[in-house]
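Here's the letter readout for the chains.
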Amino acid sequence: MGNYPSHQFFSGSIEVVCGPMFSGKTEELIRRVRRAQIARQKVQIFKPAIDDRYHDTNVVSHSSLEVEAVAVGSSIDILKKLYDTTRIVAIDEVQFFDENIIAVVQKLARRGIRVICAGLDQDYRGRAFGPMPELLCIADMVNKVSAICTVCGSPATKSFRKITTDENQVLVGETDVYEARCRTHFDYVAEGEEELLAFTVAIKSDEQGELNL
Ligand SMILES: [Zn+2]
């Protein structure tokens, strides 16, 4: 069939699984990888070198399902370590990657590779995490999964940090540091929200005739 390399015959795609901690993102990534492996599709799995919670080379989810993964220092390293025969690239903890991950993922998809990413959409402040907004934007398929609120049992979309003394966005930890919370029980007031709160108070005062501007 001409001079086209074989991967040109496959349609590439970008899939993102996002949500808070304890929502089963990695389990979902592993489920998709396993299915492809059963069909004998060549899969490569990457994760940022920053996430060394359990093991250097395995993607390990909280439920101890394991698949082999390569820890990389930057998103460009994914391209450097890619084999010609790879059909599927899975990337775990994708929120920790630098902004080049967008270009890398698009390049892979253009080569006919199915890219599956899993990561936190929000940090412990409820703000967009790293490259996630753009990644969600360019994705062909997005699954936003929820956990269970540890306070009320409702679906949880936020990662609540119990330790607030460390302002670092990247604090890799487990149940001792984080809890899944619903919107109601995630009481972190973001910077912009404080201003909004003051604005609401000002309007109320104005209505009561206390502000004469
Ligand atoms: Zn709740």
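Because the structure is predicted, anything quoted here is derived from the model rather than measured.

Chemist: How would you explain the overall build of the protein if you had to name every residue and give the values?
Modeler: Counting its regular elements, the protein contains five helices and twelve strands. Every one of the 213 residues in the protein was classed for burial, and the buried ones make up 33%. The long-range fraction of contacts in the protein, counting pairs at least 24 apart against all pairs at least 6 apart in sequence, stands at 73%.

Chemist: I'd like a description of the nonpolar core, backed by residues and values.
Modeler: Within the largest apolar cluster, 43 residues are counted, with the highest numbers of intra-cluster contacts made by Val-89, Ala-90, Val-105, Val-115 and Cys-117. For this core, the secondary structure elements donating two or more residues are strand 1 (13-19), helix 1 (25-38), strand 2 (43-48), strand 6 (88-91), helix 3 (101-110), strand 7 (114-120), helix 4 (132-138) and strand 12 (178-181). Not counting residues up to four positions away in its chain, the partners in contact with Ala-90 are Leu-29, Val-33, Val-43, Ile-45 and Ile-116.

Chemist: So what's going on with the sheet that holds strand 1? Residues and values would help.
Modeler: Ordered in space as 5-2-6-7-1-8, the six strands form an open sheet in which the pairing is parallel. Each having just a single partner strand, strand 5 (70-72) and strand 8 (141-144) make up the two edges of the open sheet. For this sheet, the mean inter-axis angle between neighbouring strands, taken without regard to orientation, is 20°. Strand direction decides the pairing type here: strand 2 and strand 5, joined by three bridges, are parallel. The partner of Phe-46 across the bridge, within strand 5, is Val-70. Running at roughly 165° to strand 7, helix 1 makes contact with strand 1, strand 2, strand 6, strand 7 and strand 8 of the sheet. In this fold helix 3 packs onto strand 1, strand 6 and strand 7, with an angle of close to 155° to the strand it touches most, strand 7.

Chemist: Mind laying out unusual backbone geometry, listing which residues take part and the relevant values?
Modeler: A positive phi is found at Phe-22, a non-glycine position, where the angle reads about 65°. Here Phe-22 lies in the loop between strand 1 and helix 1. Of note, Glu-93 is a non-glycine position whose phi angle comes to about 50°, a positive value. One can find Glu-93 in the loop between strand 6 and helix 3. Residue classification places Glu-93 among the buried positions, given that 22 C-beta atoms sit within 10 Å.

Chemist: Hey, could you go over helix 3 for me, with residue numbers and the actual values?
Modeler: Within helix 3 the residues assigned to the buried category are Ile-101, Val-104, Val-105, Leu-108 and Ala-109. The buried residues of helix 3 all sit within an arc of 130° when viewed along its axis, so they share a single face. Exposed positions of helix 3 whose direction lies more than 90 degrees from the buried face are Ala-103 and Arg-110. Along its buried surface, helix 3 packs onto strand 1, helix 2 (76-80), strand 6, strand 7 and helix 4. Two residues or fewer after helix 3 comes Gly-112, characterised by a positive phi angle close to 90°.

Chemist: Quick rundown of helix 1? Include the residues and the values.
Modeler: With 14 residues, helix 1 extends 20 Å between its outermost C-alpha atoms, agreeing within 8% with the 20 Å of an ideal straight helix rising 1.5 Å per residue. Every buried residue of helix 1 is listed here: Lys-25, Thr-26, Leu-29, Ile-30 and Val-33. Take helix 1 and look down its axis: the buried residues cluster within an arc of 125°, on one side only. In helix 1, the exposed positions angled more than 90 degrees off the buried face are occupied by Arg-35 and Ile-38. Two residues or fewer past helix 1, Arg-40 is found with a positive phi of approximately 60°.

Chemist: I'd like a rundown of the pairing of strand 1, residues and numbers included.
Modeler: Counting buried residues in strand 1 gives six out of seven residues, a clear majority hidden from the surface. Taken together, the seven bridges between strand 1 and strand 7 define a ladder with parallel strand orientation. For Gly-19, the partnering residue across the bridge sits in strand 7 and is Leu-120. In the sheet, strand 1 pairs with strand 8 via four bridges, with the strands oriented parallel. Residue pairing across strands places Glu-15 opposite Met-141, the latter belonging to strand 8.

Conventions adopted
Residues numbered from 1 in each chain as written. Predicted model: local features only at pLDDT ≥ 70, side-chain atom pairs only at ≥ 80, totals over all residues. Helix = DSSP H or I, 4+ residues; strand = E, 2+ residues; numbered from the N terminus. Buried ≥ 20, exposed ≤ 12 C-beta atoms within 10 Å, placed from the backbone. Contact = placed C-beta atoms within 7 Å. Core = buried A, V, L, I, M, F, W, Y, C linked by C-beta atoms within 7 Å. Pairing = 2+ DSSP bridges. Axes fitted to C-alpha atoms, helices over the stretch in contact; angles between N-to-C directions. Arc of directions from axis to C-beta. Expected span 1.5 Å × (residues − 1).

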